[in-house]
Each structure stands twice: as C-alpha cells, then as structure tokens.
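# Report on the structure
Next come the chains, spelled out residue by residue.
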Amino acid sequence: MRSLPFALLAASAALLAQSPAPPRPSCRVARVIDGDTFTCTGGRRVRLLSIDAPERAQHPAGDSATATLQRLIHRDVTVALELGRDSLDRYGRTLAFVWLEDGRMVNEELVRRGWAVVYLYDRKNLQHADRLRATEDSARLERRGWWRSGAIPCRPRDFRATRCRVG
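Quick summary incoming for the structure in this document. Given the structure is predicted, the values throughout are model-derived calculations rather than measurements. (Residues numbered from 1 in each chain as written. Predicted model: local features only at pLDDT ≥ 70, side-chain atom pairs only at ≥ 80, totals over all residues. Heavy atoms only, no water.)

### A closer look at helix α2 (residues 61-72)
Given a rise of 1.5 Å per residue, twelve residues ought to cover 16 Å, and the 17 Å separating the end C-alpha atoms of α2 matches this to within 8%. By the burial criterion, the buried members of α2 are A61, G62, A65, T66, T68, L69 and L72. The arc that holds the buried residues of α2, viewed along the axis, is 160 degrees, so those residues lie on one side. Packing partners of the buried residues in α2 comprise β1 (26-34), β2 (37-40), β3 (45-48) and α3 (106-112). (Helix = DSSP H or I, 4+ residues; strand = E, 2+ residues; numbered from the N terminus. Expected span 1.5 Å × (residues − 1). Buried < 20%, exposed > 50% of the residue type's maximum accessible area, 1.4 Å probe, protein only. Arc of directions from axis to C-beta. Contact = heavy atoms within 4.5 Å.)

### A word on the pairing of β2
Side-chain alternation along β2 places T37 and T39 on one buried face and F38 and C40 on a second face that is also buried. Hairpin connection from β1 to β2: two residues lie between these consecutive antiparallel strands. Of the pairings in the sheet, the one linking β2 to β3 comprises three bridges and is antiparallel in character. Paired with T39 across the bridge in β3 is R45. (Pairing = 2+ DSSP bridges.)

### Digging into the state of the cysteines
According to the stated counting rule, one finds two disulfides in the structure shown. Shown here is the disulfide that connects C27 with C40, its sulfur atoms set 1.9 Å apart. The S-S bond linking C27 to C40 shows a torsion near -105 degrees; that makes this disulfide left-handed. Residue C27 is found in strand β1, and its partner C40 is found in strand β2; the two are separated by 13 residues along the sequence. Each member of the pair C27 and C40 is classed as buried. Across the disulfide, C154 is cross-linked to C164 (sulfur-sulfur distance 1.7 Å). Since a negative S-S torsion denotes a left-handed disulfide, the C154-C164 link at about 55 degrees is right-handed. Of this pair, C154 sits in the loop between α4 (129-141) and α5 (156-160) while C164 sits in the segment after α5, and the two are ten residues apart along the sequence. C164 matches C154 in its accessibility class, with the two residues each being buried. For the chain, the bonded cysteines pair up as 1-2, 3-4 when numbered in the order they occur along the sequence. (Disulfide = S-S within 2.5 Å.)

### A word on the environment of L100
Topologically, L100 is positioned in the loop between β6 (94-99) and α3. Along the sequence, L100 and I73 sit 27 residues apart, while their C-alpha atoms lie 8.1 Å from each other.

### Focus: α4
The end-to-end C-alpha separation of α4 is 18 Å, in line with the 18 Å expected for 13 residues at 1.5 Å each. All buried positions along α4 are accounted for by A129, L132, T135, E136 and A139. The buried residues of α4 occupy an angular sector of 130 degrees when the element is viewed end-on, so they sit on one face. Exposed positions of α4 whose direction lies more than 90 degrees from the buried face are D130 and L141. Tucked into the core, α4 has its buried residues touching β4 (51-52), β6, α3 and β7 (117-118). Count one or two residues on from α4 and you reach R143, which has phi positive near 50 degrees.

### What about the pattern of salt bridges?
Summed over all chains, the structure comprises 19 salt bridges. The partner of R104 in a salt bridge is D102, and the shortest N-O contact between them spans 2.8 Å. Its relative accessible area of 31% is what places R104 among the partly exposed residues. Across the pair R104 and E109 runs a salt bridge, and its minimum N-O distance is 3.8 Å. Connected via shared salt-bridge partners are D102, R104, E108, E109, R112, R113 and R131. (Salt bridge = Lys/Arg side-chain N within 4 Å of Asp/Glu carboxyl O.)

As structure tokens, this is what we get:
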C-alpha cells in the first residue's frame, strides 16, 4: 500500500510533464522605445527580460540597438510574451521574453546580433539564462554588433549609473 501514493505522485508528474505550456499573451507592437523596450497597442510597455541594450545616448551603439529591435518587431507585428515570474518591474513595465511567430526569441536575437548583453538583474527569471549566455559568448567571439572592437567600453548598467561615459 505504501507504493500507491508514490505511483499516484509519479503518474501526476508524468501528466504535468506532458501538459502544454501555458498560453502566452500576445501583443501587437505599437512603438519601439529603445533597444530593449517597446509598447503594445493599448499602452502596455514591455521590457525584454535578462538582456540589456545600450542606451540611446550611448552613440552609435544605442541607435543601432534600437534600429535592430525596430527591424525585428516593427509597428503592427504581433509577438507572444512569455511573462517573467515577476511580471512587472518598478517602472510598471511588463517583463517578458518575447517570441516572434517563426519561433525566434527577440531577446536572444538582439544578443546574437551583438546589440545587447545578458543582464540577470534578479534570481527569479533565469529560465533562459544559459541559452542567452552561450549566445553572448558567440556574439563576442565572432565580434558581432557592439563587439566589433573586441570589447564593450561601457555596459548599459554602468552608463546608467554614470560610472562611464560614451558618445
């Protein structure tokens, strides 16, 4: 009889593993704000999780990051949002991994193209951390985007904290 509860537990776990992922809310892009933030029609602001793009004032990298995001998710494109475990940041923006219809993750595409770096600012949203780190390593080694010179002179978080100046 002691094995019955274990068998039920194992069967429940197997059913959960086969369950489809929860549906992802969709968003129709209204406007790209910068290299890691955009708005949806209806006003929802979305911040791409686990990455950090150069600030617009970090010329020319900030402009390139923004332009790259605009090419990926231009106005009226519909994207799926994989919400973070904390769905809002302190500025009221929705925190999300953003997916294109073709299955690409926008967060990863920005890192792959060299216009964003991995930025794990909390321990709650690590579900794609290894994937993003490997993508950043590849972009750096292949000197894509902001990595062309071999190094990023001032990471966005340091720029925001005024620990360095670029532009």
